[in-house]
Amino acid sequence: MATIIVVTSGKGGVGKTTTSASVSTGLAKRGFKTAVIDFDVGLRNLDLVMGCERRVVYDFVNVIQNEALLKQALIRDKHCDNLFILPASQTRDKEALSKEGVGRVLDELRDSFDYIVCDSPAGIEQGALMALYFADEAFIVTNPEVSSVRDSDRILGILQARSKRAETGSTPIKEHLLVTRYSPRRVEAGEMLSLKDVQDLLGIPLIGVIPESEVVLQASNSGVPVIHFDQSPSGQAYDDVVARFLGESRPMRFLEPERKNFLRRLFGT
């Protein structure tokens, strides 16, 4: 029986889709059969980040409305045989995501997958609520800035009150804090919240810190999840996140500013 993971936050542009792509890829690389679903009906970015936009024939809404079979809409990832992408529709309204329809698709996926990653749109509209409703675990993605943390705190309240687990009184969704676009130098300069500030404000366990890096944008533009860039700090940080999620013990990295040696300071490199 698959574990359903929602990747969510209240604010847009914090790295939810990047996280969904890298976490699902990391799980698949470790041998787990994984599906990642784009819940952002009307916009659809996951297929771009995963590099499969030209292979989309049917989408999530087609399956919900019985216009296509699930196996027709699932796209096998070109890098990992264990990873499958279910893209969102670009032409439908978010109201097409009904609780009954989403539940039916997830039930079908549960039978043959180990993990199902739900890439939530920003905010608290229909797509976001459907993405989190059936979740077993949640990655709360936030940037170290006040507005992002405040919106994430609101999402925590919704997870605790409006999920299926909350409605049925079962074990609460397991929450994981993921801080993205973290810059130790900017923290030192007082330009962004410190990691401790974010943890104190949200009060949920930290699973990882993704350093601010141009590689993330380069990866997205090339249609390759950044976790594949294993020589980059951001790729390594996502690999650490997946390892911790699976129960491995790894130290938090990339929390201190990189100190330039004498020659680099001398020549300004």
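So, here's what we can say about the structure.

Criteria and cut-off values
- Residues numbered from 1 in each chain as written.
- Predicted model: local features only at pLDDT ≥ 70, side-chain atom pairs only at ≥ 80, totals over all residues.
- Heavy atoms only, no water.
- Buried < 20%, exposed > 50% of the residue type's maximum accessible area, 1.4 Å probe, protein only.
- Helix = DSSP H or I, 4+ residues; strand = E, 2+ residues; numbered from the N terminus.
- Pairing = 2+ DSSP bridges.
- Contact = heavy atoms within 4.5 Å.
- Axes fitted to C-alpha atoms, helices over the stretch in contact; angles between N-to-C directions.
- Core = buried A, V, L, I, M, F, W, Y, C linked by side-chain atoms within 4.5 Å.
- Parallel < 35°, antiparallel > 145°, perpendicular 65-115°, else oblique.
- Left-handed = near helix turned anticlockwise from the far one by under 90°.
- Nonpolar A, V, L, I, M, F, W, Y, C, P; charged D, E, K, R; others polar.
- Expected span 1.5 Å × (residues − 1).
- Salt bridge = Lys/Arg side-chain N within 4 Å of Asp/Glu carboxyl O.
- Lys, Arg positive; Asp, Glu negative; His and termini not counted.
- Polar contact = N/O pair within 3.5 Å; in protein donor to acceptor, adjacent residues only side chain to side chain.

With seven of nine residues buried, strand E7 (residues 174-182) is to be regarded as a mostly interior element. Bridge analysis of strand E6 (residues 137-142) against E7 gives six bridges, and the strand direction is parallel. Among the inter-strand pairings, Val141 is bridged to a residue of E7, identified as Leu178. As defined by bridge partners, E7 adjoins strand E8 (residues 206-211) across four bridges and the pair is classed as parallel. Looking across to E8, one finds that Leu178 is bridged to Gly208.

On the basis of which strands lie adjacent, the open sheet formed by eight strands has the order E3-E4-E2-E5-E1-E6-E7-E8 and mixed pairing. In the strand order of this sheet, the two ends are held by strand E3 (75-76) and E8, each with one partner. Strands E6, E7 and E8 of the sheet are contacted by helix H10 (residues 195-202), whose axis makes an angle of about 150 degrees with E7. Most of the contacts of helix H12 (residues 233-245) go to E8, to which it runs at about 170 degrees, and overall it touches strand E1 (3-8), strand E5 (115-119), E6, E7 and E8.

Attention shifts here to the pairing of E1. Across the six residues of E1, five count as buried, placing the element largely inside the fold. The pairing of E1 with E5 spans five bridges and is classified as parallel. In the strand pairing of E5, Val6 is matched with Cys118. Of the pairings in the sheet, the one linking E1 to E6 comprises four bridges and is parallel in character.

Within soluble globular proteins, side chains that are nonpolar tend to cluster in buried spots. Grouped together as the largest cluster of nonpolar side chains are 52 residues, with contacts concentrated most on Phe39, Phe60, Leu97, Val102, Leu109 and Leu159. Ignoring anything within four residues of it in the chain, the contact list for Phe39 reads Phe60, Leu97, Val102, Cys118, Asp119, Ser120, Pro121, Gly127, Met130 and Ala131.

Take the packing of helix H6 (residues 126-133) against helix H7 (residues 146-162) next. Running from N to C, H6 and H7 cross one another at 55 degrees; their axes reach a closest spacing of 10 Å. Classified by the interaxial angle, the pair formed by H6 and H7 is oblique. As H6 packs across H7, the resulting crossing turns out to be right-handed. In contact with Leu129, Leu132 and Tyr133 of H6, H7 contributes Ile158, Leu159 and Arg162. Taken together, the residues of the contact of H6 with H7 break down into five nonpolar, no polar and one charged.

Here helix H1 (residues 16-29) crosses H12 at 60 degrees, and the two axes come no closer than 9 Å. Compared by their axis directions, H1 and H12 come out oblique. Considering how the two elements wind past one another, H1 and H12 form a crossing that is right-handed. Contact with H1, carried on its side by Thr18, Thr19, Ser22, Val23, Gly26 and Leu27, involves Tyr238, Val242 and Phe245 of H12 and no other residues of that element. Of the residues that constitute the contact of H1 with H12, the class distribution is five nonpolar, four polar and no charged.

A word on H12. In an α-helix, one full turn covers 3.6 residues, which means residues spaced three or four apart are oriented alike. For H12, which comprises 13 residues, the first-to-last C-alpha distance of 18 Å matches the rise-based estimate of 18 Å (1.5 Å per residue) to within 8%. Most of H12 is tucked away, with 10 of its 13 residues classed as buried. Every buried residue of H12 is accounted for by Ser234, Gly235, Ala237, Tyr238, Asp240, Val241, Val242, Ala243, Arg244 and Phe245.

This part is about the pattern of salt bridges. Enumeration according to the criterion identifies 14 salt bridges in this entry. The shortest N-O distance in the salt bridge between Asp47 and Arg44 comes to 3.4 Å. Grouping residues by exposure puts Asp47 and Arg44 together as buried. Overlapping salt bridges bring together Arg30, Asp239, Asp240, Arg244, Glu248, Arg250 and Arg253 as one network.

The next subject is the side chain of Glu175. Take Glu175: it is sitting in strand E7. Look at Glu175: it is buried, it has no salt bridge, and the nearest opposite charge is Arg165 at 11 Å. Separated by 3.0 Å, the side chains of Glu175 and Gln160 make a polar contact. Among all residues touching Glu175, those that are not within four sequence positions of it are Ala138, Leu156, Leu159, Gln160, Ile204 and Pro205.

Let's shift gears to the environment of Ser163. Within the secondary structure layout, Ser163 lies in the loop between H7 and helix H8 (164-168). Here the alpha-carbon distance between Ser163 and Asp136, two residues 27 residues apart in the chain, equals 9.5 Å. When residues no more than four places from it in sequence are discounted, the contact partners of Ser163 are Leu132, Tyr133, Ile158 and Ile173.

Geometric values such as these leave the question of function open.
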